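Examining the three-dimensional arrangement
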Amino acid sequence: MSQPTTKASVNDFVVKFANVNGSGSASANNLFAKSILRMGIPVACRNIFPSNIQGLPTWYEVRVSEAGWLGRRGGVDLMVAMNPQTWDKDVASIDSGGYLFYDSSKPLPASKFRDDVTVIGMPITEICNKAYTDARQRQLFKNILYIGALSALLGIDPIEVEKLIGEEFRAKEKLIVPNVKAFLLGRDWAVANLADVDMRLKLERSGKVGDRIFIDGNSAAALGAIYGGATVCAWYPITPSTSVAEAYARYCKKLRTDPETGKARYAIVQAEDELASIGIVIGAGWNGARAFTCTSGPGISLMQEFLGLAYFAEIPSVVMNVQRGGPSTGMPTRTQQADILACAYASHGDTKHVLLFPQDPHESFEMSATAFDLADRLQTPVFLMLDLDIGMNDWVTQPLTWDDSRHLDRGKVMTREELDAGKEFGRYLDVDNDGIPYRTYPGTHPTRGAYFTRGTTKDRYARYSEEGPIYVDNMQRLLQKFETAKALVPRPVRTDAERQTQFGVIFFGSTAPAMAEALEGLREQDIHVNTLRLRAFPFDNDVDDFIADHAQVFVIEQNRDGQMRMLLVNECGVDPTKLISVLNYDGTPITARFITREIAEKVGVLKPIPLKKKVAR
Amino acid sequence: MTYLAKPRLHHPKLPANKLGYTRRDYEGTVSTLCAGCGHDSISAAIVQACFELDLPPHRIAKLSGIGCSSKTPTYFLGNSHGFNSVHGRMPSVLTGANLANRELVYMGVSGDGDSASIGFGQFAHAIRRGVNMVYVVMNNGVYGLTKGQFSATADKGSKSKRGVMNVDESVDMVGVALLLGATFVARSFSGDKEQLVPLLEAAILHEGAAFIDVISPCVAFNNHEGSTKSFDYVREHNEAVNRLDFMPPRAEITTQYEPGAVSEVVQHDGSVIRLRKLADDYDPHDRIAAMTYMQERQAAGEVVTGLLYVDPQPEDLHRNLNTVPVPLNQLGERELVPGAAALEQLNASLR
Ligand SMILES: Cc1ncc(C[n+]2csc(CCOP(=O)(O)OP(=O)(O)O)c2C)c(N)n1
Ligand code: SF4
Ligand SMILES: [Mg+2]
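Computed from a predicted model, the values in this text were never measured in an experiment.

**Some details on the overall build of chain A**
For chain A, the count of helices and strands is 21 helices and 23 strands. Taking 617 residues into account, the globule formula puts the C-alpha radius of gyration at 25 Å, and chain A, at 27 Å, falls close to it. The principal-axis extents of the C-alpha atoms in chain A amount to approximately 85 × 85 × 40 Å. A buried classification covers 60% of the 617 residues belonging to chain A. Put simply, of all contacts in chain A between residues at least 6 apart along the chain, 76% involve residues at least 24 apart. For chain A, the accessible area works out to roughly 23900 Å², and carbon and sulfur atoms hold 51% of it.

See the structure below:
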């Protein structure tokens with residue numbers, strides 16, 4: 001494959017900002033992305049940040065795509081290099097024919113630049129030092145200044161930027177004018193001084209965003225918890241999951257405060273650790289409230305013992321795992337899909353858990369609400385498998401939707417009336433032959449329906465028993481319940497190529513947008529594949545069928561060991577040689593270019609010899 | 001070992017409480033603990049306290065961790081929901097249960113290993129948060145269920161049955177509970193029902209974090225000479241600061257005590273704790289003084305028992321979180337789901 005080069009383009013390129021963490025660049029960069037969005041052009045933004053509060057390098061990548069590709073493409077067309085620490089690497093990463101924008105206040109030797117890249121210098125520090133006396137302003141307005149210049153270079157409508165500044169500082173009005181001034185200072189400077197730059201990357205108003213919204217997956221998942229009826233949230237701070245709890249608190253204040261009394265229809269506890277978080281969730285779930293925790297890999301590790309209890313004692317609970325790079329502290333601020341096995345089989349003994357894999361914030365909302373229904377219906381822990389890419393980046397995504405005729409499914413709960421009517425109650429009795437028993441909430445009835453919950457083995461009436469056959473009976477019922485789950489969890493989505501093909505691709509979660517673009521890239525090379533996007537574990541029969549329908553299936557994942565592939569091999573009983581891993585696990589979100597290249601290469605190698613030729617030989 | 005149902009033959013002469021329940025209605029299955037285990041006496045005291053308070057058995061939730069002590073919830077309150085959770089983690093499970101339904105009585109049962117060793121953190125944080133509960137530690141200074149290893153409450157210098165010396169400092173759970181803001185702190189002895197039952201009653205009606213450390217000798221592993229948690233040692237060194245009589249709000253106050261020796265504590269719900277003071281200088285309203293007194297007596301080798309501290313107007317977790325008075329698990333869709341229109345507004349703000 002040829003080296004990618006920057007081509008002249010309208011509304012289709014990648015801008016990357018290289019900044020220093022804590023320098024105030026985040027809000028300026030966000031302003032840049034949002035103003036493009038307001039021009040009706042889809043953008044996909046990704047923050048690549050360090051585990052640090054101030055001083056280390058951070059990057060912000062903005063993919064502009066008229067076609068609506070929302071994954072990472074790979075490569076950079078315009079680098080805004082504001083961090084001397086990472087200069088060499090940043091300059092090297094620009095596609096040939098691309099652009100380098102930098103602060104030219106201090107001269108740099110020619111060896112620091114590239115011949116095949118157009119260099120655009122702007123003496124940002126100098127201009128700021130001249131315009132401002134306050135040290136803080138000098139630093140902060142640097143960022144707004146380069147946004148002003150970029151707006152002139154690329155064709156961002158200044159009206160949109162000014163409107164956004166107005167919205168941003170609605171509560172601190174006196175900041176509006178200085179920010180707008182700084183923006184115009186940068187813009188005017190560029191208009192006067194950069195007129196002869198041959199800028200072939202251009203933005204033009206479009207109508208491709210439609211009614212889509214701009215939101216991060218963690219906020220969407222928190223809203224999903226509110227719509228899913230969750231009243232108890234227990235958590236312990238950990239990147240990248242913290243903003244789930246913070247968003248839940250923020251939205252609850254607005255949506256769950258009793259308008260008359262001002263009292264809370266929710267309870268949030270910042271627990272002392274993840275053991276306590278999941279313990280609180282289990283206690284609340286046992287007692288009939290919908291409860292969840294949000295965490296990341298290290299927290300999942302700490303929760304193992306409790307997760308086994310919840311599985312075995314059959315207690316509804318929801319765990320949102322915003323995955324980051326492991327093992328150990330790993331890459332705490334980078335993304336991965338590397339907790340699949342740790343969650344699917346969490347805890348000691350024989351366990352299996354329900355996992356949901358949202359592909360974007362829209363689905364994070366939807367699946368978050370669904371997780372609470374599933375947890376109650378199946379009386380078991382349910383994992384919402386987010387990752388840092390979906391969770392912490394703002395995505396252009398379909399609006400969140402709620403059908404007012406939708407009801408919360410509280411599952412099989414025996415009521416006081418039913419107990420009074422003499423209905424038989426056995427906590428672990430399989431009445432409906434689906435492996436799911438009935439439960440009662442504590443405090444329901446003075447003389448009936450009380451039972452003892454324990455992590456030790458018990459009979460169908462919840463009585464302690466160490467009898468082998470009774471234990472086996474219970475474990476088999478739990479397996480049957482997992483079979484029942486297959487029909488209740490979100491189905492996978494299959495998309496067939498226009499042409500007949502022997503190649504299939506399985507992917508899931510945040511890989512989805514890059515995969516969509518990669519399909520286009522593959523088609524251009526005359527490579528056709530059918531795809532299956534997994535949305536949940538346990539896998540239903542559609543997954544087995546999809547694998548059976550293809551000679552080779554690529555499984556695309558963001559981890560080292562091909563964990564989903566292992567799960568597929570294990571659970572679907574497929575021939576392992578049929579499943580070929582395509583793995584991206586360097587901590588940055590997978591790119592369309594990577595997927596295209598990997599599949600194209602592998603298909604080239606694998607391409608089966610047509611039957612006729614084989615016979616002729 | 002399987003479940004042993006207690007014969008449910010109701011003796012016609014068994015006295016009933018105001019709700020018409022007899023003591024039997026508050027019992028559980030037959031205990032499988034060692035004969036003479038202190039924990040069984042505490043179970044009996046819990047049965048008596050709930051019976052005397054006329055509590056509807058199903059309005060109590062009993063939760064425990066793991067250990068011989070944590071097994072006891074099977075042996076009392078058979079008509080209550082129970083939860084035998086994981087080792088050292090009862091406090092978090094109880095906290096979650098309490099958040100879900102603030103109207104039930106939460107009885108947390110634990111051991112010294114469960115609460116002072118593996119679960120020390122959870123114990124501390126549940127107390128700190130002021131979870132409205134009765135937290136009973138059946139304290140025998142050993143791990144009973146795993147056969148006699150030292151727990152963190154074993155006294156420094158004490159010898160195990162096998163003759164091993166404990167060289168680590170011991171954890172005083174009462175001291176920790178006082179330090180972390182428990183609003184009801186007491187210590188008692190499994191062999192002293194007269195003291196323990198009214199303490200349990202007062203703790204149940206206390207609307208905050210109530211902690212009771214009950215010394216409960218382990219006859220299998222910690223009842224030998226030289227053990228400070230043996231029956232003999234505690235009987236000999238028990239320094240009771242007060243004896244109490246407990247009157248729930250509805251009970252008529254009839255008995256009279258000599259003035260001077262009696263002090264009354266009126267709790268938030270109107271219930272009255274009447275302290276017959278044995279130690280003149282003891283004031284259960286002063287947290288700092290209580291801590292000092294405890295330390296002094298302990299240094300003198302005494303085990304101080306009684307109601308050590310009580311705040312008659314406690315705050316609890318729900319109050320601090322400002323939750324609605326209706327139990328969260330009873331809120332309906334209308335109160336929980338904001339609906340499509342609210343979501344549309346949110347969408348609009350995100351464009
Ligand atoms: C995670 C875990 N580690 C170890 C054990 C084994 N274990 C069971 S009970 C117990 C000690 C119980 O001691 P204590 O709480 O004092 O109760 P007692 O039996 O003395 O009443 C231990 C270590 C366990 N159940 N779980
Ligand atoms: S081992 Fe000790 S604590 Fe356990 S039941 Fe026997 S006497 Fe009680
Ligand atoms: Mg013990």
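That shown, we press on.
**Examining the sheet that holds strand E14 (residues 354–356) of chain A**
The strands that make up a sheet are held in pairs by hydrogen bonds between backbone atoms, and each pair lies either parallel or antiparallel. Residues and elements named next belong to chain A. Spatial ordering of the open sheet is given by E11-E10-E12-E13-E15-E14-E21, a layout of 7 strands whose pairing is mixed. On the outer flanks of this sheet lie strand E11 (267–270) and strand E21 (536–537), each paired with one strand and no other. Examined bridge by bridge, E14 and E21 share 2 bridges and lie antiparallel to one another. Paired with leucine 356 across the bridge in E21 is alanine 536.

**Focus: the pairing of strand E3 (residues 43–48) of chain A**
All names here are of chain A. Judged by how many residues are buried, E3 sits mostly within the fold: 5 of 6 residues are covered. The pairing of E3 with strand E4 (residues 57–65) spans 6 bridges and is antiparallel. Considered in E4, the bridge of valine 43 is made with valine 64.

**Some words on the coordination of the magnesium ion (ligand 3)**
Residues and elements named next belong to chain B. In the first shell of the magnesium ion (ligand 3), the protein supplies Asp112 (OD), Asn140 (OD1) and Val142 (O), at 2.1 Å from the metal. Mapping the donors of the magnesium ion (ligand 3) onto the primary sequence gives the spacing D-x27-N-x1-V. The two residues asparagine 140 and valine 142 agree in class, both being buried.

**Details of the site of ligand 2**
Taken together, Leu33(B), Cys34(B), Cys37(B), His39(B), Cys68(B), Asn140(B), Cys218(B), Val219(B), Ala220(B) and Phe221(B) make up all the residues around ligand 2. Here the shell around ligand 2 is composed, by residue class, of 8 nonpolar, 2 polar and no charged.

**Some details on helix H9 (residues 274–286) of chain A**
End to end, H9(A) covers 18 Å across 13 residues, agreeing with the expected 18 Å (1.5 Å per residue, within 8%). For H9(A), the tally of buried residues reaches 13 of 13 residues, placing the bulk of the element in the interior.

**Notes on the sheet that holds strand E1 (residues 60–64) of chain B**
Spatially, the 9 strands line up as an open sheet ordered E17(A)-E2(B)-E1(B)-E3(B)-E4(B)-E8(B)-E7(B)-E13(B)-E9(B), and their pairing is mixed. Single-partner strands in this sheet number two, and they are strand E17 (452–454) of chain A together with strand E9 (238–240) of chain B. Going from strand to strand, the sheet's axes swing by 20° on average, the running direction of each strand aside. Two strands pair when backbone bridges link them, and E9(B) and strand E13 (residues 303–310) of chain B are joined in this way by 3 bridges, in the parallel orientation. Bridge pairing in E13(B) links Asn238(B) to Val303(B). Set on the sheet, helix H3 (residues 90–100) of chain B makes contact with E1, strand E2 (81–84), strand E3 (105–111) and strand E4 (133–139) of chain B; between it and E3(B) the angle comes to about 175°.

**Points about the domain arrangement of chain A**
Assigned domains of chain A: these are domain 1 (9–202), domain 2 (214–397), domain 3 (416–488) and domain 4 (493–616). Here the C-alpha centre of domain 3 of chain A lies 60 Å away from the C-alpha centre of domain 1 of chain A.

**Quick notes on the site of ligand 1**
All names here are of chain B. Around ligand 1 sit 18 residues, and of these Cys68, Ser69, Gly113, Asp114 and Gly144 come closest. Here an oxygen atom of ligand 1 sits 2.7 Å away from a polar atom, N or O, in the side chain of serine 69. Taking 590 Å² as the accessible area of ligand 1 by itself, protein coverage stands at 77%. Elements that contribute at least two residues to the shell around ligand 1 include exactly helix H2 (68–71), helix H4 (112–118) and strand E5 (142–143). Among the elements that make up the shell around ligand 1, the one with the highest residue count is H4 (4 residues). Here the residues of the shell around ligand 1 sort into 6 nonpolar, 9 polar and 3 charged.

**A few points about the domain arrangement of chain B**
All names here are of chain B. We note that the domain assignment places domain 1 (23–320) and domain 2 (326–350) within chain B. For domain 1 versus domain 2, the distance between C-alpha centres works out to 42 Å. Each partner contributes to the interface: domain 1 provides 5 residues, whereas domain 2 provides 4 residues. Of the roughly 360 Å² buried between domain 1 and domain 2 on both sides combined, carbon and sulfur atoms contribute 51%. The interface formed by domain 1 and domain 2 holds 0 salt bridges in total. Grouping the constituent residues of the side of domain 1 that touches domain 2 by class yields 2 nonpolar, 1 polar and 2 charged.

**A look at helix H8 (residues 242–255) of chain A**
Think of an α-helix as 3.6 residues a turn; residues three or four steps apart then line up on the same face. A rise of 1.5 Å per residue sets the reference length of H8(A), with its 14 residues, at 20 Å; its end C-alpha atoms lie 20 Å apart and thus fit the reference within 8%. Turning to H8(A), its buried residues number three or more, namely Thr242(A), Val244(A), Ala245(A), Ala247(A), Tyr248(A), Tyr251(A), Cys252(A) and Leu255(A).

**Let's talk about the interface of chain A and chain B**
Taken together, the 74 residues of chain A in the interface contact 57 residues of chain B. At the boundary of chain A with chain B, the tally comes to 1 salt bridge. Residues Glu272(A) and Arg129(B) are paired through a salt bridge, measuring 2.7 Å at the closest nitrogen-oxygen approach. Joining chain A to chain B, the criterion identifies 25 residue pairs in polar contact (both at pLDDT 80 or more).

**Re the environment of Arg38(A)**
Following the sequence through the fold, Arg38(A) ends up in helix H1 (residues 25–38). What makes Arg38(A) partly exposed here is its relative accessible area of 21%. For Arg38(A) and Ala18(A), which are 20 residues apart along the polypeptide, the C-alpha to C-alpha distance reads 23 Å. The contacts of Arg38(A), once residues within four sequence positions are left out, are Glu160(A), Leu164(A), Glu167(A), Arg205(A) and Arg351(B).

**Here's the deal with the packing of aromatic side chains**
In the structure shown here, the tally under the stated rule is 28 aromatic pairs over all chains. Seen in terms of ring centroids, Phe17(A) and Phe32(A) are 5.1 Å apart; in terms of plane orientation they differ by 75°. Their pairing is edge-to-face. Taken as a pair, Phe17(A) in strand E2 (residues 12–20) and Phe32(A) in helix H1 lie far apart in primary sequence, 15 residues in all. A relative accessible area of 0% places Phe17(A) in the buried class. Ring centres of Tyr21(B) and Tyr26(B) lie 6.0 Å apart, and the angle between their planes is 85°; this geometry places the pair in the edge-to-face category. Grouping aromatic residues by their ring pairs yields a cluster made of Phe17(A), Phe32(A), Tyr60(A) and Tyr146(A). Across the ring face of Tyr251(A), the terminal group of Arg250(A) is positioned such that the distance to the ring centre comes to 5.1 Å. In this structure, Lys423(A) is placed above the aromatic ring of Tyr438(A), and the distance from its NZ or CZ to the ring centre is 5.4 Å.

**As for the pairing of E4(A)**
Residues and elements named next belong to chain A. Across the 9 residues of E4, 9 count as buried, placing the element largely inside the fold. Here E4 shows no split at all, with Pro57, Trp59, Glu61, Arg63 and Ser65 on one side and Thr58, Tyr60, Val62 and Val64 on the other all buried. In this sheet, E4 lies alongside E2 in antiparallel orientation, the contact comprising 9 bridges. Across the sheet, the residue bridging to phenylalanine 17 is tyrosine 60, located in E4.

**Comments concerning the packing of helix H7 (residues 217–227) of chain A against H8(A)**
How two helices sit against one another is set out by the angle between their axes and by the gap between those axes. Residues and elements named next belong to chain A. The contact between H7 and H8 brings their axes to 8 Å, and the two run at 50°. Judged on the interaxial angle alone, H8 and H7 are oblique. As for how H7 packs across H8, the hand of that crossing is right-handed. Seen from H7, the contacting residues are Asn218, Ser219, Ala222, Leu223, Ala225 and Ile226; seen from H8, they are Ser243, Val244, Ala247, Tyr248, Arg250, Tyr251, Cys252 and Leu255.

Cut-off values and rules
- Residues numbered from 1 in each chain as written.
- Chains lettered and ligands numbered in written order.
- Predicted model: local features only at pLDDT ≥ 70, side-chain atom pairs only at ≥ 80, totals over all residues.
- Heavy atoms only, no water.
- Helix = DSSP H or I, 4+ residues; strand = E, 2+ residues; numbered from the N terminus.
- Rg over C-alpha atoms; globule rule 2.2 N^0.38 Å.
- Buried < 20%, exposed > 50% of the residue type's maximum accessible area, 1.4 Å probe, protein only.
- Contact = heavy atoms within 4.5 Å.
- Areas by Shrake-Rupley, 256 points an atom, 1.4 Å probe, with all protein chains shown as cover.
- Pairing = 2+ DSSP bridges.
- Donors = N, O, S within 2.8 Å, 3.2 Å for Na, K, Ca; no water.
- Near = heavy atom within 4 Å.
- Nonpolar A, V, L, I, M, F, W, Y, C, P; charged D, E, K, R; others polar.
- Expected span 1.5 Å × (residues − 1).
- Axes fitted to C-alpha atoms, helices over the stretch in contact; angles between N-to-C directions.
- Domains from an automatic or database assignment.
- Polar contact = N/O pair within 3.5 Å; in protein donor to acceptor, adjacent residues only side chain to side chain.
- Buried area = accessible area lost by both parts, 1.4 Å probe.
- Salt bridge = Lys/Arg side-chain N within 4 Å of Asp/Glu carboxyl O.
- Phe/Tyr/Trp six-rings, centres within 6.5 Å; stacked < 30°, edge-to-face > 60°.
- Lys NZ or Arg CZ within 6 Å of the ring centre and 35° of its normal.
- Parallel < 35°, antiparallel > 145°, perpendicular 65-115°, else oblique.
- Left-handed = near helix turned anticlockwise from the far one by under 90°.

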